[in-house]
Amino acid sequence: AVDVCRVPAHRGPPELRAVHPAVAQAVCALSLPGTERVLSPDQVTAVVQVVSSGRPLDVLVGPAGSGKSTAMAGVRAAWEAKHGAGSVVGLAPSAAAAEVLAGVVGIGTENTAKWLVEQDRQPARVADLDVLRARLNRASPSLATRRLLHQARSLSNEIQRWQLRPGQLVIVDEASMAGTLELDAITSQADAVGAKVLLVGDWAQLAPVSAGGAFHLLAHDRDDVATLHEIRRFAQAWERDASLRLRRGDPSVIDEYVAHGRVQGGDRESMLDLLYEAWRRDTDQGLTSLMIAADTETVLDLNRRAQTDRIQSGAVADDGVKLADGTTVGRGDVIVTRRNDRRIVSSGSHVKNGDRWTVLDVSAVGALTVRRGSGGGPIRLPAAYVGTHVELGYATTAQRAQGRTVDRAHAYVSPTVTRQTLYVMSSRGVQDNRLYVDTCFDRDAESGHHDQPEATPDLVLRDVVAEF
(Lines give C-alpha, C1' and ligand atoms only; values in the text may rest on other atoms or scores of the structure.)
Protein backbone atom coordinates (compact mmCIF):
# COMPACT_ATOMS: atom_id res chain seq x y z
CA ALA A 1 0.00 0.00 0.00
CA VAL A 2 1.16 3.52 -0.78
CA ASP A 3 1.77 5.66 2.29
CA VAL A 4 3.84 8.63 1.21
CA CYS A 5 2.58 10.60 4.22
CA ARG A 6 4.51 8.42 6.61
CA VAL A 7 7.83 9.61 7.99
CA PRO A 8 10.28 7.01 6.63
CA ALA A 9 12.47 5.13 9.06
CA HIS A 10 15.98 6.53 9.43
CA ARG A 11 18.66 4.56 7.59
CA GLY A 12 22.17 5.50 8.52
CA PRO A 13 23.20 8.23 10.97
CA PRO A 14 20.91 11.31 11.08
CA GLU A 15 23.82 13.63 10.28
CA LEU A 16 23.72 12.28 6.70
CA ARG A 17 20.46 14.16 6.35
CA ALA A 18 21.34 17.35 8.20
CA VAL A 19 23.42 20.50 8.21
CA HIS A 20 24.32 22.08 11.55
CA PRO A 21 22.09 25.13 12.20
CA ALA A 22 25.11 27.39 12.74
CA VAL A 23 26.55 26.38 9.36
CA ALA A 24 23.19 26.97 7.68
CA GLN A 25 22.80 30.37 9.34
CA ALA A 26 26.26 31.43 8.22
CA VAL A 27 25.55 30.41 4.61
CA CYS A 28 22.19 32.18 4.65
CA ALA A 29 23.84 35.42 5.77
CA LEU A 30 25.73 35.57 2.46
CA SER A 31 24.54 36.36 -1.04
CA LEU A 32 23.37 33.31 -2.97
CA PRO A 33 26.16 31.78 -5.08
CA GLY A 34 26.62 33.59 -8.38
CA THR A 35 24.09 36.31 -7.56
CA GLU A 36 23.59 39.39 -5.42
CA ARG A 37 20.37 38.05 -3.94
CA VAL A 38 20.10 37.77 -0.17
CA LEU A 39 17.52 35.64 1.59
CA SER A 40 14.76 37.38 3.53
CA PRO A 41 14.21 36.53 7.24
CA ASP A 42 11.35 34.11 6.57
CA GLN A 43 13.35 32.40 3.81
CA VAL A 44 16.31 32.02 6.19
CA THR A 45 14.03 30.49 8.82
CA ALA A 46 12.60 28.01 6.30
CA VAL A 47 16.02 27.05 4.90
CA VAL A 48 17.55 26.43 8.34
CA GLN A 49 14.50 24.45 9.44
CA VAL A 50 14.70 22.18 6.39
CA VAL A 51 18.44 21.49 6.22
CA SER A 52 19.01 21.05 9.97
CA SER A 53 16.02 18.83 10.80
CA GLY A 54 17.71 15.48 10.15
CA ARG A 55 14.38 14.16 8.85
CA PRO A 56 14.39 11.96 5.75
CA LEU A 57 11.41 13.87 4.35
CA ASP A 58 10.67 17.58 4.69
CA VAL A 59 8.04 19.84 3.15
CA LEU A 60 8.36 23.49 2.15
CA VAL A 61 5.11 25.33 1.43
CA GLY A 62 4.85 28.80 -0.03
CA PRO A 63 1.98 30.77 -1.59
CA ALA A 64 2.32 32.10 -5.13
CA GLY A 65 4.96 34.82 -5.21
CA SER A 66 6.53 34.01 -1.84
CA GLY A 67 10.01 33.23 -3.22
CA LYS A 68 10.07 29.44 -3.14
CA SER A 69 12.68 29.33 -5.91
CA THR A 70 15.00 31.67 -4.01
CA ALA A 71 14.54 29.62 -0.85
CA MET A 72 15.47 26.46 -2.78
CA ALA A 73 18.67 28.17 -3.94
CA GLY A 74 19.40 28.85 -0.27
CA VAL A 75 18.73 25.21 0.61
CA ARG A 76 21.17 24.11 -2.07
CA ALA A 77 23.89 26.49 -0.83
CA ALA A 78 23.48 25.37 2.79
CA TRP A 79 23.38 21.68 1.91
CA GLU A 80 26.47 21.85 -0.30
CA ALA A 81 28.36 23.71 2.45
CA LYS A 82 28.46 20.39 4.30
CA HIS A 83 27.88 17.69 1.70
CA GLY A 84 29.77 19.20 -1.22
CA ALA A 85 29.06 20.08 -4.83
CA GLY A 86 26.73 17.68 -6.60
CA SER A 87 24.97 16.62 -3.39
CA VAL A 88 21.64 18.22 -4.44
CA VAL A 89 19.40 16.66 -7.10
CA GLY A 90 16.44 18.54 -8.61
CA LEU A 91 13.20 16.96 -9.82
CA ALA A 92 9.89 18.37 -11.05
CA PRO A 93 6.72 16.80 -12.51
CA SER A 94 7.32 18.32 -15.97
CA ALA A 95 10.48 18.73 -18.03
CA ALA A 96 9.77 22.46 -18.45
CA ALA A 97 9.45 22.95 -14.68
CA ALA A 98 12.65 20.96 -14.19
CA GLU A 99 14.49 23.30 -16.55
CA VAL A 100 13.22 26.35 -14.64
CA LEU A 101 14.39 24.74 -11.41
CA ALA A 102 17.83 24.13 -12.92
CA GLY A 103 18.14 27.76 -13.96
CA VAL A 104 17.05 29.24 -10.64
CA VAL A 105 18.77 26.85 -8.24
CA GLY A 106 21.76 25.98 -10.43
CA ILE A 107 21.65 22.19 -10.19
CA GLY A 108 21.16 19.28 -12.54
CA THR A 109 17.47 18.45 -12.82
CA GLU A 110 15.10 15.92 -14.37
CA ASN A 111 11.38 15.36 -14.58
CA THR A 112 10.02 12.81 -12.12
CA ALA A 113 8.81 10.34 -14.75
CA LYS A 114 12.22 10.14 -16.43
CA TRP A 115 13.93 9.79 -13.05
CA LEU A 116 11.75 6.85 -12.03
CA VAL A 117 12.24 5.09 -15.37
CA GLU A 118 16.00 5.38 -15.00
CA GLN A 119 15.84 4.13 -11.41
CA ASP A 120 13.97 1.04 -12.61
CA ARG A 121 16.79 0.39 -15.09
CA GLN A 122 19.55 0.52 -12.49
CA PRO A 123 19.47 -3.16 -11.41
CA ALA A 124 19.82 -4.30 -15.03
CA ARG A 125 22.70 -1.88 -15.58
CA VAL A 126 24.50 -3.17 -12.49
CA ALA A 127 24.02 -6.78 -13.64
CA ASP A 128 25.31 -5.95 -17.12
CA LEU A 129 28.35 -4.21 -15.63
CA ASP A 130 29.13 -7.26 -13.50
CA VAL A 131 29.08 -9.41 -16.63
CA LEU A 132 31.40 -7.03 -18.48
CA ARG A 133 33.82 -6.90 -15.55
CA ALA A 134 33.92 -10.69 -15.39
CA ARG A 135 34.73 -10.86 -19.10
CA LEU A 136 37.42 -8.18 -18.74
CA ASN A 137 39.06 -10.09 -15.90
CA ARG A 138 39.59 -13.02 -18.27
CA ALA A 139 40.40 -10.99 -21.39
CA SER A 140 43.74 -10.50 -23.07
CA PRO A 141 44.77 -7.16 -24.61
CA SER A 142 43.02 -6.73 -27.97
CA LEU A 143 40.68 -4.48 -29.90
CA ALA A 144 37.74 -6.54 -28.63
CA THR A 145 38.94 -6.02 -25.05
CA ARG A 146 39.24 -2.30 -25.67
CA ARG A 147 35.62 -2.23 -26.85
CA LEU A 148 34.55 -4.12 -23.75
CA LEU A 149 36.39 -1.62 -21.58
CA HIS A 150 34.68 1.29 -23.34
CA GLN A 151 31.27 -0.35 -22.80
CA ALA A 152 32.04 -0.92 -19.12
CA ARG A 153 33.11 2.68 -18.59
CA SER A 154 30.01 4.02 -20.36
CA LEU A 155 27.77 1.76 -18.30
CA SER A 156 29.53 2.73 -15.07
CA ASN A 157 29.07 6.42 -15.89
CA GLU A 158 25.37 5.84 -16.56
CA ILE A 159 24.98 4.07 -13.21
CA GLN A 160 26.75 6.91 -11.42
CA ARG A 161 24.58 9.49 -13.17
CA TRP A 162 21.35 8.01 -11.86
CA GLN A 163 22.56 6.63 -8.54
CA LEU A 164 21.36 8.17 -5.30
CA ARG A 165 24.00 8.31 -2.58
CA PRO A 166 23.92 8.71 1.21
CA GLY A 167 23.83 12.36 2.20
CA GLN A 168 22.26 13.61 -1.01
CA LEU A 169 19.24 15.91 -1.02
CA VAL A 170 16.48 15.42 -3.59
CA ILE A 171 14.38 18.56 -4.14
CA VAL A 172 11.02 17.95 -5.82
CA ASP A 173 9.66 21.29 -7.04
CA GLU A 174 5.98 21.87 -7.93
CA ALA A 175 5.30 18.83 -5.75
CA SER A 176 1.58 19.64 -5.58
CA MET A 177 1.44 18.56 -9.24
CA ALA A 178 3.29 15.28 -8.69
CA GLY A 179 1.34 12.04 -8.46
CA THR A 180 1.11 10.18 -5.17
CA LEU A 181 2.73 7.04 -6.60
CA GLU A 182 5.63 9.08 -7.96
CA LEU A 183 6.27 10.78 -4.62
CA ASP A 184 6.06 7.48 -2.76
CA ALA A 185 8.62 5.88 -5.11
CA ILE A 186 11.04 8.81 -4.83
CA THR A 187 10.89 8.98 -1.03
CA SER A 188 11.31 5.20 -0.77
CA GLN A 189 14.39 5.28 -3.02
CA ALA A 190 15.97 8.07 -1.00
CA ASP A 191 15.18 6.41 2.32
CA ALA A 192 16.78 3.16 1.20
CA VAL A 193 20.20 4.79 0.69
CA GLY A 194 20.21 7.43 3.44
CA ALA A 195 19.32 10.42 1.25
CA LYS A 196 16.85 13.19 2.10
CA VAL A 197 13.81 14.44 0.14
CA LEU A 198 12.40 17.97 0.17
CA LEU A 199 8.96 18.49 -1.38
CA VAL A 200 8.32 22.11 -2.41
CA GLY A 201 5.02 23.56 -3.57
CA ASP A 202 1.69 25.09 -2.65
CA TRP A 203 -1.29 22.96 -1.65
CA ALA A 204 -3.66 25.73 -2.87
CA GLN A 205 -2.48 25.48 -6.49
CA LEU A 206 -3.32 22.88 -9.11
CA ALA A 207 -3.08 19.16 -8.42
CA PRO A 208 -1.78 16.51 -10.85
CA VAL A 209 -3.87 14.95 -13.60
CA SER A 210 -2.86 11.53 -12.24
CA ALA A 211 -3.84 10.27 -8.80
CA GLY A 212 -2.62 12.92 -6.38
CA GLY A 213 -3.27 14.50 -3.02
CA ALA A 214 -0.13 13.37 -1.19
CA PHE A 215 1.42 16.84 -1.03
CA HIS A 216 -1.84 18.35 0.22
CA LEU A 217 -2.05 15.74 2.99
CA LEU A 218 1.57 16.23 4.00
CA ALA A 219 1.22 20.01 4.07
CA HIS A 220 -1.82 19.83 6.36
CA ASP A 221 -1.19 16.76 8.51
CA ARG A 222 2.43 17.32 9.58
CA ASP A 223 3.33 19.83 12.26
CA ASP A 224 6.92 20.33 11.02
CA VAL A 225 6.22 21.94 7.64
CA ALA A 226 8.50 24.84 6.72
CA THR A 227 6.37 27.73 5.46
CA LEU A 228 7.04 30.99 3.63
CA HIS A 229 4.67 33.81 4.53
CA GLU A 230 5.87 37.02 2.90
CA ILE A 231 4.56 37.71 -0.63
CA ARG A 232 7.05 39.42 -2.94
CA ARG A 233 5.69 39.06 -6.46
CA PHE A 234 3.06 41.78 -6.70
CA ALA A 235 3.87 45.45 -7.25
CA GLN A 236 0.70 46.56 -5.39
CA ALA A 237 0.65 46.05 -1.64
CA TRP A 238 -3.10 45.39 -1.54
CA GLU A 239 -2.68 42.49 -3.97
CA ARG A 240 -0.21 40.68 -1.72
CA ASP A 241 -2.80 40.44 1.05
CA ALA A 242 -5.65 39.80 -1.40
CA SER A 243 -3.85 36.84 -2.98
CA LEU A 244 -3.53 35.20 0.44
CA ARG A 245 -7.22 35.74 1.19
CA LEU A 246 -8.11 34.23 -2.18
CA ARG A 247 -5.83 31.29 -1.42
CA ARG A 248 -7.63 30.72 1.91
CA GLY A 249 -11.04 30.80 0.21
CA ASP A 250 -12.37 34.11 1.56
CA PRO A 251 -15.15 35.17 -0.88
CA SER A 252 -15.19 38.75 0.43
CA VAL A 253 -11.75 39.33 -1.14
CA ILE A 254 -13.48 39.67 -4.51
CA ASP A 255 -14.55 43.16 -3.39
CA GLU A 256 -10.86 44.13 -3.40
CA TYR A 257 -10.33 42.99 -6.96
CA VAL A 258 -13.50 44.79 -8.09
CA ALA A 259 -12.59 48.00 -6.23
CA HIS A 260 -9.17 48.09 -7.91
CA GLY A 261 -10.61 47.67 -11.39
CA ARG A 262 -9.32 44.14 -11.93
CA VAL A 263 -12.71 42.55 -12.82
CA GLN A 264 -14.88 42.88 -15.92
CA GLY A 265 -18.03 40.94 -16.79
CA GLY A 266 -20.16 40.14 -19.79
CA ASP A 267 -20.86 37.48 -22.37
CA ARG A 268 -18.07 35.15 -23.51
CA GLU A 269 -17.31 36.83 -26.83
CA SER A 270 -17.17 40.31 -25.30
CA MET A 271 -14.84 39.09 -22.56
CA LEU A 272 -12.51 37.38 -25.00
CA ASP A 273 -12.43 40.56 -27.10
CA LEU A 274 -11.46 42.68 -24.10
CA LEU A 275 -8.94 40.12 -22.88
CA TYR A 276 -7.25 39.85 -26.25
CA GLU A 277 -7.06 43.61 -26.79
CA ALA A 278 -5.49 44.10 -23.36
CA TRP A 279 -2.91 41.40 -24.10
CA ARG A 280 -2.12 42.96 -27.47
CA ARG A 281 -1.55 46.38 -25.87
CA ASP A 282 0.82 44.79 -23.38
CA THR A 283 2.88 43.05 -26.06
CA ASP A 284 2.95 46.20 -28.20
CA GLN A 285 4.50 47.96 -25.18
CA GLY A 286 7.15 45.26 -24.83
CA LEU A 287 5.67 43.75 -21.65
CA THR A 288 5.55 40.03 -20.89
CA SER A 289 1.88 39.15 -20.83
CA LEU A 290 -0.20 35.98 -20.53
CA MET A 291 -3.65 35.08 -21.85
CA ILE A 292 -4.96 32.28 -19.62
CA ALA A 293 -8.06 30.10 -19.65
CA ALA A 294 -9.06 26.94 -17.85
CA ASP A 295 -10.28 25.07 -20.94
CA THR A 296 -8.49 24.18 -24.16
CA GLU A 297 -11.36 25.42 -26.37
CA THR A 298 -10.97 28.98 -25.08
CA VAL A 299 -7.18 28.76 -25.38
CA LEU A 300 -7.63 27.71 -29.02
CA ASP A 301 -10.01 30.63 -29.65
CA LEU A 302 -7.52 33.13 -28.21
CA ASN A 303 -4.66 31.58 -30.17
CA ARG A 304 -6.61 31.94 -33.40
CA ARG A 305 -7.43 35.59 -32.66
CA ALA A 306 -3.78 36.36 -32.05
CA GLN A 307 -2.65 34.53 -35.16
CA THR A 308 -5.26 36.19 -37.40
CA ASP A 309 -4.23 39.61 -36.13
CA ARG A 310 -0.55 38.89 -36.72
CA ILE A 311 -1.23 37.58 -40.24
CA GLN A 312 -3.11 40.78 -41.08
CA SER A 313 -0.21 42.87 -39.76
CA GLY A 314 2.31 40.89 -41.79
CA ALA A 315 4.13 39.49 -38.77
CA VAL A 316 3.04 35.91 -39.65
CA ALA A 317 2.87 34.20 -43.03
CA ASP A 318 -0.64 33.25 -44.15
CA ASP A 319 0.38 29.74 -45.24
CA GLY A 320 2.14 26.93 -43.45
CA VAL A 321 1.59 23.46 -42.02
CA LYS A 322 -1.64 22.11 -40.53
CA LEU A 323 -1.62 21.01 -36.88
CA ALA A 324 -3.60 18.29 -35.12
CA ASP A 325 -6.15 20.79 -33.75
CA GLY A 326 -6.98 22.09 -37.25
CA THR A 327 -5.00 25.32 -37.09
CA THR A 328 -2.23 26.18 -39.53
CA VAL A 329 1.13 27.46 -38.28
CA GLY A 330 3.33 29.68 -40.42
CA ARG A 331 6.59 31.59 -40.35
CA GLY A 332 6.55 34.12 -37.50
CA ASP A 333 4.04 32.23 -35.35
CA VAL A 334 4.60 31.50 -31.68
CA ILE A 335 4.10 27.80 -30.92
CA VAL A 336 4.33 25.46 -27.94
CA THR A 337 5.64 21.89 -28.06
CA ARG A 338 3.47 19.37 -26.23
CA ARG A 339 5.69 16.29 -25.92
CA ASN A 340 9.17 15.67 -24.54
CA ASP A 341 11.56 14.39 -27.19
CA ARG A 342 15.18 13.84 -26.16
CA ARG A 343 16.21 13.12 -29.74
CA ILE A 344 15.57 16.75 -30.75
CA VAL A 345 18.18 18.96 -29.07
CA SER A 346 18.67 22.74 -29.15
CA SER A 347 21.52 24.58 -27.39
CA GLY A 348 22.18 21.54 -25.19
CA SER A 349 18.54 21.13 -24.12
CA HIS A 350 16.01 18.72 -25.59
CA VAL A 351 12.51 19.65 -26.77
CA LYS A 352 10.08 19.63 -23.85
CA ASN A 353 6.37 19.68 -23.23
CA GLY A 354 5.49 23.34 -22.60
CA ASP A 355 8.45 24.93 -24.43
CA ARG A 356 7.54 28.08 -26.40
CA TRP A 357 9.16 28.76 -29.80
CA THR A 358 9.08 31.25 -32.66
CA VAL A 359 8.78 29.74 -36.15
CA LEU A 360 11.64 30.83 -38.41
CA ASP A 361 10.78 28.74 -41.47
CA VAL A 362 8.34 26.11 -42.75
CA SER A 363 9.63 23.40 -45.07
CA ALA A 364 7.76 21.93 -48.01
CA VAL A 365 7.39 18.62 -46.16
CA GLY A 366 5.92 20.22 -43.02
CA ALA A 367 8.97 20.48 -40.76
CA LEU A 368 9.51 23.69 -38.78
CA THR A 369 12.72 25.57 -38.08
CA VAL A 370 12.19 27.27 -34.73
CA ARG A 371 14.00 29.17 -31.99
CA ARG A 372 13.18 29.06 -28.28
CA GLY A 373 11.47 32.09 -26.81
CA SER A 374 14.25 32.25 -24.24
CA GLY A 375 16.92 32.36 -26.96
CA GLY A 376 19.47 29.94 -28.32
CA GLY A 377 20.16 28.52 -31.72
CA PRO A 378 17.63 27.34 -34.32
CA ILE A 379 16.35 23.78 -34.34
CA ARG A 380 14.35 21.70 -36.81
CA LEU A 381 11.16 20.00 -35.62
CA PRO A 382 10.39 17.02 -37.89
CA ALA A 383 7.08 16.99 -39.77
CA ALA A 384 5.79 13.95 -37.85
CA TYR A 385 6.38 15.73 -34.53
CA VAL A 386 4.86 19.01 -35.79
CA GLY A 387 1.67 17.37 -37.03
CA THR A 388 1.00 15.66 -33.71
CA HIS A 389 2.68 17.55 -30.87
CA VAL A 390 2.66 21.28 -31.73
CA GLU A 391 0.07 23.96 -30.88
CA LEU A 392 -0.11 27.73 -31.23
CA GLY A 393 1.42 29.34 -28.14
CA TYR A 394 -0.08 32.80 -27.68
CA ALA A 395 -2.51 31.71 -24.95
CA THR A 396 -2.10 29.03 -22.30
CA THR A 397 -4.07 26.85 -19.93
CA ALA A 398 -3.90 27.47 -16.21
CA GLN A 399 -2.11 24.13 -15.82
CA ARG A 400 0.76 25.28 -18.05
CA ALA A 401 0.77 28.78 -16.54
CA GLN A 402 1.48 27.49 -13.03
CA GLY A 403 5.03 28.38 -12.08
CA ARG A 404 5.31 31.27 -14.56
CA THR A 405 5.78 34.94 -13.67
CA VAL A 406 5.04 37.76 -16.13
CA ASP A 407 4.43 41.51 -16.07
CA ARG A 408 0.68 41.22 -16.66
CA ALA A 409 -1.82 38.37 -16.84
CA HIS A 410 -5.32 38.27 -18.33
CA ALA A 411 -7.61 35.37 -17.40
CA TYR A 412 -10.96 34.25 -18.77
CA VAL A 413 -13.16 32.99 -15.93
CA SER A 414 -16.40 31.03 -16.20
CA PRO A 415 -18.48 29.67 -13.29
CA THR A 416 -17.01 26.20 -13.92
CA VAL A 417 -13.44 27.02 -12.83
CA THR A 418 -12.19 25.84 -9.46
CA ARG A 419 -10.72 27.99 -6.73
CA GLN A 420 -7.28 26.48 -7.33
CA THR A 421 -7.49 27.41 -11.02
CA LEU A 422 -8.64 30.95 -10.22
CA TYR A 423 -5.82 31.35 -7.72
CA VAL A 424 -3.21 30.29 -10.28
CA MET A 425 -4.67 32.49 -13.03
CA SER A 426 -4.90 35.56 -10.79
CA SER A 427 -1.35 35.35 -9.43
CA ARG A 428 0.96 35.22 -12.48
CA GLY A 429 1.39 38.95 -13.07
CA VAL A 430 3.70 41.26 -11.15
CA GLN A 431 2.11 44.53 -12.26
CA ASP A 432 -1.42 43.46 -13.03
CA ASN A 433 -3.78 40.46 -12.94
CA ARG A 434 -7.14 40.96 -14.63
CA LEU A 435 -10.20 38.70 -14.61
CA TYR A 436 -12.68 38.63 -17.50
CA VAL A 437 -15.79 36.92 -16.15
CA ASP A 438 -18.42 35.20 -18.28
CA THR A 439 -21.65 36.34 -16.62
CA CYS A 440 -23.93 34.72 -19.23
CA PHE A 441 -22.61 31.17 -18.90
CA ASP A 442 -25.33 28.51 -18.92
CA ARG A 443 -24.34 25.16 -17.48
CA ASP A 444 -27.43 23.53 -19.08
CA ALA A 445 -27.47 25.33 -22.41
CA GLU A 446 -28.24 22.15 -24.38
CA SER A 447 -31.13 20.97 -22.21
CA GLY A 448 -32.52 24.23 -20.80
CA HIS A 449 -35.75 25.76 -22.16
CA HIS A 450 -35.22 29.35 -21.01
CA ASP A 451 -32.47 31.92 -21.29
CA GLN A 452 -30.07 31.97 -18.36
CA PRO A 453 -30.40 35.24 -16.38
CA GLU A 454 -27.18 37.23 -16.44
CA ALA A 455 -25.18 37.13 -13.22
CA THR A 456 -22.82 39.79 -11.89
CA PRO A 457 -19.06 39.18 -12.16
CA ASP A 458 -18.52 39.56 -8.42
CA LEU A 459 -21.20 36.96 -7.67
CA VAL A 460 -19.65 34.49 -10.12
CA LEU A 461 -16.22 34.96 -8.56
CA ARG A 462 -17.57 34.69 -5.00
CA ASP A 463 -19.17 31.37 -5.85
CA VAL A 464 -15.90 30.10 -7.34
CA VAL A 465 -13.89 31.13 -4.26
CA ALA A 466 -16.43 29.66 -1.83
CA GLU A 467 -16.60 26.30 -3.59
CA PHE A 468 -13.94 23.76 -2.64
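Predicted model, so just to flag it, every value in this text is computed and none were measured. (Residues numbered from 1 in each chain as written. Predicted model: local features only at pLDDT ≥ 70, side-chain atom pairs only at ≥ 80, totals over all residues. Heavy atoms only, no water.)

Student: How should I be thinking about unusual backbone geometry in this particular structure?
Tutor: Negative phi characterises most residues that are not glycine, and trans characterises most peptide bonds. In the Ramachandran plot, Glu174 falls in the positive-phi region, its phi being about 50° despite a non-glycine side chain. With respect to the helices and strands, the residue Glu174 is situated in the loop between strand S4 (169–172) and helix H7 (180–193). When its relative accessible area of 17% is taken as the criterion, Glu174 is described as buried. (Helix = DSSP H or I, 4+ residues; strand = E, 2+ residues; numbered from the N terminus. Buried < 20%, exposed > 50% of the residue type's maximum accessible area, 1.4 Å probe, protein only.)

Student: Could you clarify how one ought to interpret helix H11 (residues 268–284) in this entry?
Tutor: Three- or four-residue spacings in an α-helix give side chains the same orientation, since the helix completes a turn every 3.6 residues. For H11, spanning 17 residues, the distance from its first C-alpha to its last is 24 Å, which sits close to the expected 24 Å at 1.5 Å a residue. What H11 keeps buried is the set Met271, Leu272, Leu275, Tyr276, Ala278, Trp279 and Asp282. Down the axis of H11, the sector holding all buried residues measures 165°, keeping them to one side. For H11, the elements touching its buried residues are strand S7 (263–266), strand S8 (289–293), helix H12 (296–313), strand S19 (406–413) and strand S20 (429–438). Capping the start of H11, Asp267 holds a side-chain oxygen 3.2 Å from the backbone nitrogen of Glu269, two or three residues further along. (Expected span 1.5 Å × (residues − 1). Arc of directions from axis to C-beta. Contact = heavy atoms within 4.5 Å. Polar contact = N/O pair within 3.5 Å; in protein donor to acceptor, adjacent residues only side chain to side chain.)

Student: Is there a simple way to explain the sheet that holds strand S1 (residues 57–61) in this structure?
Tutor: Hydrogen bonding along the main chain pairs the strands of a sheet, whether they run parallel or antiparallel. The 6 strands are arranged S3-S2-S4-S5-S1-S6 in an open sheet whose pairing can be described as parallel. Either end of the sheet is taken by a strand with one partner, and the two such strands are strand S3 (109–111) and strand S6 (226–227). Pairing analysis gives 4 bridges linking S4 to strand S5 (residues 196–201), with the strands arranged parallel. Bridge pairing in S5 links Val170 to Val197. Docked against the sheet, helix H3 (residues 68–83) engages S1, strand S2 (88–92), S4 and S5, running at close to 165° with respect to S5. Most of the contacts of helix H4 (residues 95–105) go to S3, to which it runs at about 165°, and overall it touches S2, S3 and S4. (Pairing = 2+ DSSP bridges. Axes fitted to C-alpha atoms, helices over the stretch in contact; angles between N-to-C directions.)

Student: Just to check I follow, could you spell out the pattern of salt bridges for this structure?
Tutor: Note that side chains of opposite charge can pair when their charged atoms are close. Tallied over the entire structure, the rule returns 32 salt bridges. The partner of Asp309 in a salt bridge is Arg280, and the shortest N-O contact between them spans 2.5 Å. Within this pair, whereas Asp309 is found in helix H12, its partner Arg280 is found in helix H11, the two being separated by 29 residues in sequence. What makes Asp309 buried here is its relative accessible area of 18%. Taking relative accessible area as the criterion, Arg280 reaches 28% and is therefore assigned partly exposed. Via salt bridges that share partners, Arg55, Asp58, Lys196, Arg222 and Asp224 belong to a single interconnected network. (Salt bridge = Lys/Arg side-chain N within 4 Å of Asp/Glu carboxyl O.)

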